[in-house]
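Remarks on the overall topology
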Amino acid sequence: SLFSLLLSLGLLVDDTVVVISAMTAYFRTGKFTPLQTGLLVWRDFVVPIFTTTITTIWAFLPLLLSTGIIGEFIKSIPIVVSTALMGSFVVGMFITMPVAIILLSSSVPFRVRVFLGVFGVIMFISVIMFAVPKNPILVPALLVAIAAFLFVTNLVWRKIWARGRVRFRSLDTVRVREVLKNGVVSFDRINNKYKSIIEKILTSPANRKKAIAMVVVFSVFSFALLPLGFVKSEFFPPADSELIYVSLEFPSGTNLSNTKKEAIAILGELAKTPHIEYIASDIGRGFNQQEGIIGSSANNVLFTLNLVEKGERPTSAEIAQGIRKSFASYNKGILNVQELSGGPPAGAQIQIALLGDDITTLDKYATKTKDFLESESGVINVEKSVKQGTSKLTFVPDKQALLDNQLSLDQLGLWLRTYASGIAVDEHSFPGSTEEKDLTIRLSSNPISAQDISLLTIPTPFGSVPVSALGTIHLSPSPTLITREDGKRILSVTAAVAPGINVQEKNSELEKFVDSKLKLPDGYSWKSGGINEENEQSVQSIFQAMVLSFILIIITMVIQFSSFRRAIIVMLVIPLSISGVFIIFALTRTPLSFPALIGMLALFGIVVKNSILLVDKIVQNEKRGMKLIEAISDAGQSRLEPIALTSFCTIVGLIPITLSDPLWRGLGGAIIAGLTFSGTIMLFFIPVVYYYFFKPRKGK
């Protein structure tokens, strides 16, 4: 939500900038009164500004269609930005414009002065009431002191002025008036130069072809950077968090006292790590890459490392990497170091899920996958979702022996169950108690030992037979958890990557290994998961939002311009804006993350907004009878200032958050790159394309 407000800051001033720029441009000519200036701006800009606001909202609103945890994470962005943009339109047209008319007038109406005076007094008193401590004597005393100060200052100033003791240096009043009229930086020279360049391009067929060819080459080159690997993909960039988790897992069956003893020893080693404020250890809890902090058993310990403030230490990723190197040779248990990633918890960075019927077979192939990941450089914290618990006694029946004794598997299983755990048959209330308790039938009330099982005899039609004659009993590993999906057992292998390692590349290498070398048997399958799966779903939802945004924007364009060709011209700037993103990302090595995709979607509305202002002015000029080249060059000249200023305000508004937070660097960087490169190219591309679309044909 806070980032949405920061993103809105650059967009909120756009409508006001356009209104102020247009009013000053009309007023500078000296032909119109302030009121006439306001009416002209209203006539020329109310429709295009409303349309540009709607198109920008269309760029953000489809983000509400995003599903899952990512949809919840970004829900505030379309809501906050869309609401702020509608407010910006109302402020620009119904508040900024009347205020600008008043400021351009030689005198302020009496009713306005009264309103401003009363409003100022109310605001002053309100600030004092909130800023000054609530004391019944202090507030009136402060007001009396301010009034006395103003009265004394007024008397002293009048005496000094009357005696002529103050001499003012002569000011360059002409220069001051010029600055007040045209501003510190005047766009007049820039506008005239831009107009002459556009006229040279449009009047020369060779120059028009060169302009189109340069844009096409630029776009093809920039889009080629993505498949060539110069722009890396990353779902969410790592965050510099103030927490680091160190999870420690000992072999199953480790008792609490041994776990506590080793945890204290590890705690002493971790305390030697620099830049740590304090450490908390929690026996009986663990850290899962898919779920985060989870409850576990007595053989697990979770250390929470709280780091000092960001300005006084390296990044959390660098500290975590140092801890991994310190415990690289630790062999008493499995020690994993986990730092928090940016964005919502979308699962493990690397995850592969194996599906099948037999858990032992799945575990065998999961172990091969785990060994492969551990051999890969840059891959850390490799884990299997099913961990081995204490061993269990397994009875493997001899089917031929069962057949000889005319026993079925169900009958044998019933006898073994009755002996081991018993069978609950009914509920009964015993004499002297109204509470009903389960009645359990069991072959023996004595505690069961492993040796007693071999002495158990099973009734058969031919007499009682020892269970050892019907099969074999052996120890086998017992998984702590078995999960199913679509009726099949599922076992996952998860891992993370070290800082600087690309997640998508490691996932691709893992998928190649499973496809070509793992060779799963028939009836077994695999699928990707974690961030990779969430990334695919999120990217798909973003592409759907982009398609919907494109459709809504082009419908709005057709309605406004009553022309499919003009709507297409406006929409052509969208691929140009995206091409600028790829070049900047390749130069700065910024990954194409999920926030960057949101930024590219936001570009749809922002760049279309500038295109609408330009095309709308061309249409207005044509309606007034201007020739095509003159209409295009004049439109570019008059719209250069508002387009440049709105783009500049958006870029400047996004620079602080883009530089400070790695999570939103992709989003802010995408908008800045698109406006910087594509905004400049658009000013030359649209005039040429418009000329080709609407140039007069021979014979007409």
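Here's the deal with the packing of aromatic side chains
The tally for this structure, following the rule as stated, stands at nine aromatic pairs. Taken together, a centroid distance of 5.6 Å and an interplanar angle of 75 degrees make the contact between phenylalanine 223 and phenylalanine 582 edge-to-face. Separated by 359 residues along the polypeptide, phenylalanine 223 in helix α9 (residues 205-224) and phenylalanine 582 in helix α19 (residues 573-588) bring together distant segments of the chain. Using a relative accessible area of 34% as the deciding quantity, one classes phenylalanine 223 as partly exposed.

Points about a nonpolar patch on the surface
The grouping of Trp42, Val90, Val91, Phe94, Ile95, Val99 and Leu103 at the surface amounts to a nonpolar patch, some 650 Å² of accessible area in total. Along the chain, valine 90 turns up in helix α4 (residues 76-104).

So, unusual backbone geometry
Keep in mind that most residues, glycine aside, have a negative phi and that most peptide bonds are trans. Positive phi outside glycine occurs at asparagine 381, with the angle close to 55 degrees. Tracing the backbone shows asparagine 381 in strand β8 (residues 379-384). In this model, arginine 589 sits at a positive phi of 55 degrees, which is unusual for a non-glycine residue. Here arginine 589 lies in the loop between α19 and α20 (594-623).

Remarks on the pattern of salt bridges
Counting across every chain of the model gives 13 salt bridges. Between glutamate 509 and lysine 506 there is a salt bridge; the shortest N-O distance is 3.7 Å. Of this pair, glutamate 509 and lysine 506 both sit in helix α16 (residues 503-518), three residues apart, which is roughly one turn of the helix. One salt bridge connects arginine 566 with glutamate 622, and the closest N-O pair in it is separated by 3.3 Å.

Focus on the packing of helix α8 (residues 188-203) against α9
Running from amino to carboxyl end, α8 crosses α9 at an angle of 105 degrees, the nearest separation of the two axes being 5 Å. Between α8 and α9, the crossing angle belongs to the class labelled roughly perpendicular. Here α8 contributes Lys200, Ile201, Leu202 and Thr203 to the contact with α9, which in turn contributes Pro205, Asn207, Arg208 and Ala211. Of the residues contributing to the contact of α8 with α9, the split by class is four nonpolar, two polar and two charged.

Conventions adopted
What you see as residue numbers is a count from 1 along each chain, following the sequence as written. Two thresholds apply to this predicted model, a pLDDT of at least 70 for residue-level local features and 80 or more for giving and counting side-chain atom pairs, whereas whole-chain, interface and lining totals are computed over all residues. Hydrogen atoms and water are omitted, and side-chain values are computed over all heavy atoms in the structure. Centres within 6.5 Å are what make two rings of Phe, Tyr or Trp a pair, Trp counting through its six-membered ring; a difference in plane orientation under 30 degrees is then read as stacked, over 60 as edge-to-face, and the rest as tilted. Helix and strand definitions here come from DSSP, where helices need a minimum of 4 consecutive H or I residues and strands a minimum of 2 consecutive E residues; each element is numbered from the N-terminal end. Working definition: with a 1.4 Å probe on protein chains only, accessible area under 20% of the residue-type maximum means buried, over 50% means exposed, and in between means partly exposed. Nonpolar side chains (Val, Leu, Ile, Met, Phe, Trp, Tyr) within 5 Å and like charges within 9 Å form the patches, drawn only from residues with over 30% relative accessible area and no salt bridge. Surface accessibility follows the Shrake-Rupley procedure with a 1.4 Å probe radius. Residue values consider only the protein chains on display as shielding. Salt-bridge detection follows one rule: a side-chain nitrogen of Lys or Arg within 4 Å of a carboxyl oxygen of Asp or Glu. Simply put, an axis is a line fit to the C-alpha atoms, just over the touching stretch for a helix, and the angle between two N-to-C directions goes from 0 to 180 degrees. With respect to orientation, any angle under 35 degrees is reported as roughly parallel, any angle over 145 as roughly antiparallel, any angle of 65 to 115 as roughly perpendicular, and every other angle as oblique. For this analysis, residues touch if any pair of their heavy atoms sits within 4.5 Å. Basically, the charged four are Asp, Glu, Lys and Arg, the nonpolar ten are Ala, Val, Leu, Ile, Met, Phe, Trp, Tyr, Cys and Pro, and anything else, Gly included, counts as polar.

Geometric values such as these leave the question of function open.
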